[in-house]
Amino acid sequence: LVNIALNEQISYAFALERAKEANHQNAIAALSKIGAPPYQNFKAMMKQRKWLLKFLPMELSSSYLLRAIPSSKEYTLKDWFFFAKNVLSSNRALWNEFMAVDLFEKVPALDVPVYLCEGYHDYQAPFELAEQYIEQLRTPLKQIFWFEHSGHSPHISESKRFSEVCLYVKNTMM
């Protein structure tokens, strides 16, 4: 999440483009009714996300979590319930603060290494913005790891490779 205002514009345009390609009249009408960002509130963004996720393959969307997390050995169904509930309530409560996020302007440099893991098909937090940000970021070390078969959740959809990347980063830091 590099610049939320730009993030939402890219996400909306992608969803609308896919709806038009699919000639999905309900999606086109709903997205047109919502209109292009900036959204006035979290609820409007969630309406857009509903359609965005419809046009992403399941394994590339965050709704993949709905199928992946219950099969996890580390989390119980109760954990999953509170995770989902709290993510939604936190996002709703922090909406105005999220809309002010602009790392291009507010964090142009860091004195620590920066590693990004990016799903190449992420349109919830568009990969293009992460790529632009890391290119301009001034830092002693920076690297972006691309996950070719992932959207917003490479830690789930490409968990083995994600673990390998984490170990690589750990080993390079020691």
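Residues numbered from 1 in each chain as written. Predicted model: local features only at pLDDT ≥ 70, side-chain atom pairs only at ≥ 80, totals over all residues. Heavy atoms only, no water.

1. So, unusual backbone geometry
Excluding glycine, residues mostly carry a negative phi; peptide bonds, for their part, are mostly trans. Going from Pro-37 to Pro-38, the amide bond is cis rather than trans, its omega being 15 degrees. Here the phi dihedral of Asn-23 falls at roughly 55 degrees; this positive angle occurs in a residue that is not glycine. Following the sequence through the fold, Asn-23 ends up in the loop between helix H1 (4–21) and helix H2 (25–34). Assessed through its relative accessible area of 53%, Asn-23 is described here as exposed. (Helix = DSSP H or I, 4+ residues; strand = E, 2+ residues; numbered from the N terminus. Buried < 20%, exposed > 50% of the residue type's maximum accessible area, 1.4 Å probe, protein only.)

2. Describing the pattern of salt bridges
Overall, the coordinates contain four salt bridges when judged by the stated rule. With its nearest N and O atoms 2.9 Å apart, the salt bridge here joins Glu-8 to Arg-49. Here Glu-8 is found in helix H1, whereas its partner Arg-49 is found in helix H3 (residues 42–54), with 41 residues between them in sequence. Here Glu-8 matches Arg-49 in class, with each residue buried. The closest approach of N and O atoms between Glu-21 and Arg-18, which form a salt bridge, is 3.6 Å. Here the residue Glu-21 and the residue Arg-18 both occupy positions in helix H1, the gap between them amounting to three residues, near one helical turn. Through salt bridges that share partners, Glu-17, Arg-18 and Glu-21 make up one connected network. (Salt bridge = Lys/Arg side-chain N within 4 Å of Asp/Glu carboxyl O.)

3. A few points about helix H8 (residues 127–136)
Listed as buried for H8 are Phe-127, Leu-129, Ala-130, Tyr-133 and Ile-134. For H8, the arc enclosing every buried residue in end-on projection is 155 degrees, short of the 170-degree limit, so these residues lie on one face. (Arc of directions from axis to C-beta.)

4. So, the packing of aromatic side chains
By the definition in use, this model includes 11 aromatic pairs. On the basis of an interplanar angle of 25 degrees and a centroid distance of 6.2 Å, the ring pair of Tyr-115 and Phe-145 is categorised as stacked. With Tyr-115 in strand S1 (residues 114–119) and Phe-145 in strand S2 (residues 142–147), the pair connects residues that are 30 residues apart, well separated along the chain. The interplanar angle of 35 degrees and the centroid separation of 4.7 Å between the aromatic rings of Tyr-120 and Phe-127 together place this pair among those described as tilted. Look at Tyr-120 and you get partly exposed, because its relative accessible area is 35%. Among the residues examined, Phe-127 registers a relative accessible area of 8% and is labelled buried. (Phe/Tyr/Trp six-rings, centres within 6.5 Å; stacked < 30°, edge-to-face > 60°.)

5. A few points about the pairing of S1
Here S1 pairs with S2 via six bridges, running parallel. The residue of S2 that forms the bridge with Cys-117 is Phe-145. The parallel pair S1 and S2 is bridged by H8, and the resulting crossover is right-handed. (Pairing = 2+ DSSP bridges. Right-handed = clockwise from strand over helix to strand, strands pointing away.)

6. Considerations on the packing of H1 against H3
Where H1 contacts H3, the axes come no closer than 9 Å and their chain directions differ by 45 degrees. If you check the angle between H1 and H3, you find them oblique. The way H1 lies across H3 gives a crossing that is left-handed. Contact with H1, carried on its side by Asn-7, Glu-8, Ser-11, Tyr-12, Phe-14 and Ala-15, involves Met-45, Gln-48, Arg-49 and Leu-52 of H3 and no other residues of that element. A breakdown of the residues in the contact of H1 with H3 according to their chemical character gives five nonpolar, three polar and two charged. (Axes fitted to C-alpha atoms, helices over the stretch in contact; angles between N-to-C directions. Parallel < 35°, antiparallel > 145°, perpendicular 65-115°, else oblique. Left-handed = near helix turned anticlockwise from the far one by under 90°. Contact = heavy atoms within 4.5 Å. Nonpolar A, V, L, I, M, F, W, Y, C, P; charged D, E, K, R; others polar.)

Just geometry here; none of it tells us what the structure is for.
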